[in-house]
Amino acid sequence: MSTSRRWPGLSPGTKSRTLAINDLEMHILEAFPETSEGTKPPLVILVHGFPELAYSWRKVIGPLADAGYHVVAPDQRGYGSTSSSQTKGTIKYEDDLDPFRMTNLVKDIVALVYTLGYQSVTAIVGHDFGSTVAAYCALIRPDIFKSVVMMSAPFTGPPKLAVGPTRALDLGKVAEALAALQPPRKHYVLYYSTRDANAHMMNPPYGLHTFLRKYYHVKSADWVHNAPHALAHDAAAMSTLPHYYVMPLDATMPEAVQGFGPSAEDIQHNVWLTEEELGVYVAEYARTGFQGGLNAYRVRTSVEWSSDCELFDGMRIDVPAMFMAGKQDWGTYQFPGAADVMRGQACKKMDDFVLIDGAGHWVQQEQSGEVVNQLLKFLQKHGN
């Protein structure tokens, strides 16, 4: 059944509904072009990241539908109003990680496509961790996903196929090097893989609402200290990243961002994430917790749980690809050389690499109009 969610910022034509997909009751936000009755307009799928929701695309869904596309943004597995029959109640650290393998997240999107009655997708667009999901969709099923847009997180290709009895996890080497610095540091991806990360973020001393406000602020262009640039390939260079990426060794994420929150005036004048809009995220994460999203980081940092993607070692994304991020987003450079690997090795046809001024990590919310312009330019360029 399709309904209109009474969430702030949704365009009038955006509807909410839930679909039975795999083991999921998958919640989606959806919009059609006005002239689509009796026809099947081209499909665009928008995949959110962490800590986000389908709602993070609220400023993009309507304009893309107005341009002639059937636009669908799901709450990914473990997020928001999407629930699984394999999970009883709130997702816990002890729950099975198998459903969060990347190949299963791709399967979720493929099943969504078929359930919507399509055999192909004009473009799959992913932001943050959703960028990786979108990239793997295009890599594994180019017959379905005809183009891909990766946002705010470069894709460097699948992991190398294991040869011999031992395997080295690159992030493990990064962890050792960062911990050896003075003062010692740690990478946020590894922190997000720990047992206590969910509890830290759910119960910060200053409250969940204030934590999310600080977190969204410090990773946005509103935080004036975000001045990203390419980094050298060593731990000392990575240690210059803001604390939300490379953290003090003993800090929680709420502690890492505690001193960098916006002023009351900043909050009052924030037009890309009003207090009412922030309230949607606060309510959803207060209900579900963060563990569903964090499980994807645990898979990424575990050889055991990420090994299925080794099957695709040596493959490149062959469909037309685009990268887009905020110019004030450190995400493009947090892993030294990643953007170059994406453009030169992981993608065969990436001619479009766009950095949007006035946006940090939350580019589709901070500068939604320019994001829509760039997406439409990309789609029209490739005849979609």
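Residues numbered from 1 in each chain as written. Predicted model: local features only at pLDDT ≥ 70, side-chain atom pairs only at ≥ 80, totals over all residues. Heavy atoms only, no water.

An unreviewed UniProt entry lists the protein under the name Alpha/beta-hydrolase, with Mycena pura given as the organism.

Caption draft 1: Region of the structure containing the overall build of the protein. For the protein, the helix and strand inventory stands at 16 helices and 12 strands. Radius of gyration (C-alpha) of the protein: 20 Å, near the 21 Å computed for a compact globule of 384 residues. The C-alpha extent of the protein, read off along each of the three principal axes, is 65 × 55 × 45 Å. Out of the 384 residues belonging to the protein, those deemed buried represent 58%. The averaged location of the 40 negative side-chain charges in the protein is 4 Å from the averaged location of its 33 positive side-chain charges. (Helix = DSSP H or I, 4+ residues; strand = E, 2+ residues; numbered from the N terminus. Rg over C-alpha atoms; globule rule 2.2 N^0.38 Å. Buried < 20%, exposed > 50% of the residue type's maximum accessible area, 1.4 Å probe, protein only. Lys, Arg positive; Asp, Glu negative; His and termini not counted. Charge placed at Lys NZ, Arg CZ, Asp CG, Glu CD.)

Caption draft 2: Here's a closer look at the pairing of strand β12 (residues 350–356). Both strand β11 (residues 321–326) and β12 contribute to a ladder of 6 bridges, which runs parallel. In the strand pairing of β12, M322 is matched with D352. Following the backbone out of β11, through helix α14 (residues 338–346) and into the adjacent parallel β12, one traces a crossover that is right-handed. (Pairing = 2+ DSSP bridges. Right-handed = clockwise from strand over helix to strand, strands pointing away.)

Caption draft 3: Just helix α11 (residues 275–288), in detail. Given a rise of 1.5 Å per residue, 14 residues ought to cover 20 Å, and the 20 Å separating the end C-alpha atoms of α11 matches this to within 8%. Regarding α11, the residues found buried are E277, L278, V280, Y281, V282, E284, Y285 and T288. Buried-residue contacts for α11 involve α1 (58–66), α6 (197–202), α7 (208–218) and α15 (363–366). One or two steps after α11, the chain reaches G289, where phi turns positive at roughly 75 degrees. (Expected span 1.5 Å × (residues − 1). Contact = heavy atoms within 4.5 Å.)

Caption draft 4: Summary view of the pairing of β11. Within β11, 6 of the 6 residues are buried, which leaves the element mostly enclosed by the surrounding structure. What you see with β11 is no split at all: A321, F323 and A325 on one side and M322, M324 and G326 on the other are buried throughout. Bridge count for strand β8 (residues 148–151) against β11 is 4 bridges, and the pairing is parallel. Its bridge partner lying in β11, M150 is registered against F323.

Caption draft 5: The side chain of S56, seen in detail. Tracing the chain through its elements places S56 in the loop between β4 (43–47) and α1. Accessibility expressed as a relative area gives 0% for S56, which makes it buried. When residues no more than four places from it in sequence are discounted, the contact partners of S56 are Y281, Q364 and Q365.

Caption draft 6: Looking closely at the nonpolar core. One finds L46, Y192, F211 and M253 to be the most contacted residues of the largest nonpolar core, which totals 77 residues. Among the nonpolar cores identified, the runner-up in size contains 46 residues, and L43, I45, I109 and I144 belong to it. (Core = buried A, V, L, I, M, F, W, Y, C linked by side-chain atoms within 4.5 Å.)

Caption draft 7: Expanded view of unusual backbone geometry. Omega for the bond connecting F50 with P51 falls within 30 degrees of zero, at -10 degrees, which places this linkage in the cis form. For the bond from Q182 to P183, the omega torsion is -5 degrees, close enough to zero to count as cis. Note on placement: P183 falls in the loop between α4 (170–179) and β9 (185–187). In the Ramachandran plot, N22 falls in the positive-phi region, its phi being about 55 degrees despite a non-glycine side chain. Of note, N22 is situated in the loop between β2 (15–21) and β3 (24–31). Given a relative accessible area of 41%, N22 falls into the partly exposed group. We note that S152 has phi near 70 degrees; this positive angle belongs to a residue other than glycine. Topologically, S152 is positioned in the loop between β8 and α4. For S152, a relative accessible area of 1% corresponds to the buried category.

Caption draft 8: Just the pattern of salt bridges, in detail. Following the criterion strictly, the structure yields 14 salt bridges and no others. Linking D108 and R77 is a salt bridge whose minimum nitrogen-to-oxygen distance equals 2.8 Å. A residue pair is termed long-range when its members are at least 10 positions apart, and D108 in helix α2 (residues 102–115) and R77 in the loop between β5 (70–74) and β6 (83–84) qualify at 31 residues. Residue D108 shares its accessibility class with R77, and that shared class is buried. With its nearest N and O atoms 3.0 Å apart, the salt bridge here joins R287 to E284. Separated by 3 residues within a single helix, R287 and E284 lie in helix α11, roughly one turn from each other. Of the residues examined, R287 reaches a relative accessible area of 45% and is grouped as partly exposed. When salt bridges with common partners are traced through the structure, they connect D23, R77 and D108 into a single cluster. (Salt bridge = Lys/Arg side-chain N within 4 Å of Asp/Glu carboxyl O.)

Caption draft 9: Highlighting the packing of aromatic side chains. With the rule as written, the count across this model stands at 23 aromatic pairs. Here the aromatic rings of Y216 and Y281 are separated by 5.3 Å at their centres, their planes lie at 55 degrees, and the arrangement is tilted. With a gap of 65 residues between them, Y216 in helix α7 and Y281 in helix α11 connect regions that are remote in the sequence. With respect to burial, Y216 and Y281 carry one shared label: buried. Between F323 and F353, the aromatic rings sit 5.1 Å apart at their centres with planes inclined by 25 degrees, giving stacked as the arrangement. With F323 in strand β11 and F353 in strand β12, this pair connects stretches of sequence that are 30 residues apart. F353 sits in the partly exposed class, given a relative accessible area of 21%. (Phe/Tyr/Trp six-rings, centres within 6.5 Å; stacked < 30°, edge-to-face > 60°.)

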